[in-house]
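Inside the fold
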Amino acid sequence: MEARSLLVVIVVGCCACWGCRAQIPIPARMDGFVYGGKPPPAWGETVVVEAFLDPVCPDSRDAWPALKKVVDHYSNRVSVVAHLFPLPYHSYAFIACQSIHAVNKLNPSFVYPLLEKFFKDQEGYYNRPTYGKSRATVVDEITKNLVAPIIGETNLAAYKAGFNDSQSDMATRISFKNGCARGVTGTPYFFVNGIPINDSGSPLEYKYWISILDPLVGKM
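Residues numbered from 1 in each chain as written. Predicted model: local features only at pLDDT ≥ 70, side-chain atom pairs only at ≥ 80, totals over all residues. Heavy atoms only, no water.

The protein has the name Thioredoxin-like fold domain-containing protein in an unreviewed UniProt entry, where Sorghum bicolor is given as its organism.

Right, here's the structure in full:
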């Protein structure tokens with residue numbers, strides 16, 4: 001029994017080590033959505049703020065207005081890139097993120113309006129309000145109440161096809177794995193020029209962002 005138990009431990013350990021070394025899928029383009037319709041920031045041209053956000057996370061919702069003010073304040077000197085990071089303890093976070101990836105395939109200009117729509121109405125789509133509803137019911141409600149007002153009725157068929165294909169599902173998984181690989185443990189979680197911000201995990205006030213970014217912008 002002892003030898004057999006030792007063999008089981010060795011096999012499990014080898015599998016765990018193999019799993020840790022497995023390659024995270026590499027997307028065709030950098031993960032994330034640049035705010036303001038800007039192209040992806042070129043290395044060294046702007047200060048880059050990356051925000052890992054969950055569309056149905058109250059702290060992500062509360063963090064967003066300050067980030068928008070940062071873009072308005074610094075214009076083309078600071079780029080804000082949002083990465084979707086669905087927290088497993090928010091019941092329909094993955095569905096919310098997948099829906100945003102699906103509208104991105106239709107038109108990237110739909111991404112931030114839909115994200116902000118989720119922030120506005122998120123209390124109806126996570127945890128307790130959805131406990132007695134099936135997944136199909138919640139998906140249908142999100143489509144009718146959140147997605148349709150953003151993309152229009154004429155685009156709904158294309159959206160549903162995109163939502164149900166493997167590409168939007170994989171894009172959502174890659175976003176999540178990207179965050180995990182970078183040590184993201186909750187939302188909102190922030191990086192500035194690739195360096196994590198110590199106060200990540202809660203909304204940051206506008207004046208806090210200014211204190212971080214002003215010295216960096218001044219050195220460009």
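Counting buried residues in strand β2 (residues 47–53) gives 7 out of 7 residues, a clear majority hidden from the surface. Here β2 shows no split at all, with Val 47, Val 49, Ala 51 and Leu 53 on one side and Val 48, Glu 50 and Phe 52 on the other all buried. Bridge analysis of β2 against strand β3 (residues 78–84) gives 7 bridges, and the strand direction is parallel. Counted as the bridge partner of Ala 51 is Ala 82 from β3. In this region the chain leaves β2, passes through helix α2 (residues 58–74) and returns to the parallel neighbour β3; the handedness of that crossover is right-handed. With 4 bridges joining them, β2 and strand β4 (residues 189–192) adopt antiparallel strand pairing. Each residue of the ladder has a partner; that of Phe 52, found in β4, is Tyr 189. (Buried < 20%, exposed > 50% of the residue type's maximum accessible area, 1.4 Å probe, protein only. Helix = DSSP H or I, 4+ residues; strand = E, 2+ residues; numbered from the N terminus. Pairing = 2+ DSSP bridges. Right-handed = clockwise from strand over helix to strand, strands pointing away.)

Moving on, we come to the pairing of β3. Taking burial as the measure, the 7 residues of β3 include 7 buried ones, the bulk of the element. What you see with β3 is no split at all: Val 78, Val 80, Ala 82 and Leu 84 on one side and Ser 79, Val 81 and His 83 on the other are buried throughout. Where strand β1 (residues 33–34) lies against β3, 2 bridges are found, and the strand directions are antiparallel. If you follow Val 34 over to β3, its bridge partner there is Val 81.

Right, let's talk about unusual backbone geometry for a bit. In the segment running from Thr 187 into Pro 188, the intervening peptide bond is cis, with an omega of -5°. Inspection of the secondary structure assignment puts Pro 188 in the loop between α7 (166–181) and β4. Residues other than glycine seldom take positive phi values, yet Ser 75 does so here, at roughly 55°. Positionally, Ser 75 belongs in the loop between α2 and β3. Although it is not a glycine, Asn 193 sits at a positive phi angle of roughly 50°. Tracing the chain through its elements places Asn 193 in the loop between β4 and β5 (195–196).

Now for the nonpolar core. In terms of nonpolar packing, the biggest core is built from 53 residues, with Trp 209 and Leu 213 touching the most fellow members. When near neighbours in sequence (up to four residues on either side) are disregarded, Trp 209 contacts Val 49, Ala 66, Leu 67, Val 70, Phe 190, Val 192 and Leu 204. Grouped together as the second largest cluster of nonpolar side chains are 6 residues, Phe 52, Phe 85, Val 184 and Tyr 189 included. (Core = buried A, V, L, I, M, F, W, Y, C linked by side-chain atoms within 4.5 Å. Contact = heavy atoms within 4.5 Å.)

Once that is clear, we can look at the packing of aromatic side chains. Applying the stated criterion across every chain, the model contains 9 aromatic pairs. Between Phe 85 and Phe 176, the aromatic rings sit 5.0 Å apart at their centres with planes inclined by 20°, giving stacked as the arrangement. Here Phe 85 is found in the loop between β3 and α3 (93–106), whereas its partner Phe 176 is found in helix α7, with 91 residues between them in sequence. With centroids separated by 5.0 Å and ring planes inclined at 90°, the aromatic side chains of Phe 190 and Trp 209 adopt a geometry described as edge-to-face. Placement of the pair is Phe 190 in strand β4 and Trp 209 in helix α8 (residues 206–218), with a sequence separation of 19 residues. Judged on exposure class, the residue Phe 190 and its partner Trp 209 are both buried. It is Lys 69 that lies over the ring of Tyr 206; its NZ or CZ is 4.1 Å from the centre. Its guanidinium or amino end placed over the ring of Phe 191, Arg 182 lies 4.2 Å from that ring's centre, counting from NZ or CZ. (Phe/Tyr/Trp six-rings, centres within 6.5 Å; stacked < 30°, edge-to-face > 60°. Lys NZ or Arg CZ within 6 Å of the ring centre and 35° of its normal.)

The principal kink in helix α5 (residues 135–151), of about 35°, is found at Thr 143. Of all the positions in α5, only Val 138, Val 139, Ile 142, Thr 143, Leu 146, Val 147, Ala 148 and Ile 151 are classed as buried. Considering only its buried residues, α5 is in contact with α3, α4 (111–121) and α6 (156–164). Gly 152, located one to two residues past α5, shows a positive phi value of around 90°. (Bend = angle between axes of the 7 residues up to and from the residue.)

The subject of this paragraph is the pattern of salt bridges. Applying the stated criterion across every chain, the model contains 10 salt bridges. Between Arg 182 and Glu 50 there is a salt bridge whose closest N-O contact spans 2.8 Å. Of this pair, Arg 182 sits in the loop between α7 and β4 while Glu 50 is found in strand β2, placing the two residues 132 residues apart along the sequence. Assessed through its relative accessible area of 29%, Arg 182 is described here as partly exposed. By relative accessible area, which is 13% here, Glu 50 ends up buried. Where Glu 123 meets Arg 61, a salt bridge forms, and the shortest distance between an N and an O atom there is 3.8 Å. (Salt bridge = Lys/Arg side-chain N within 4 Å of Asp/Glu carboxyl O.)

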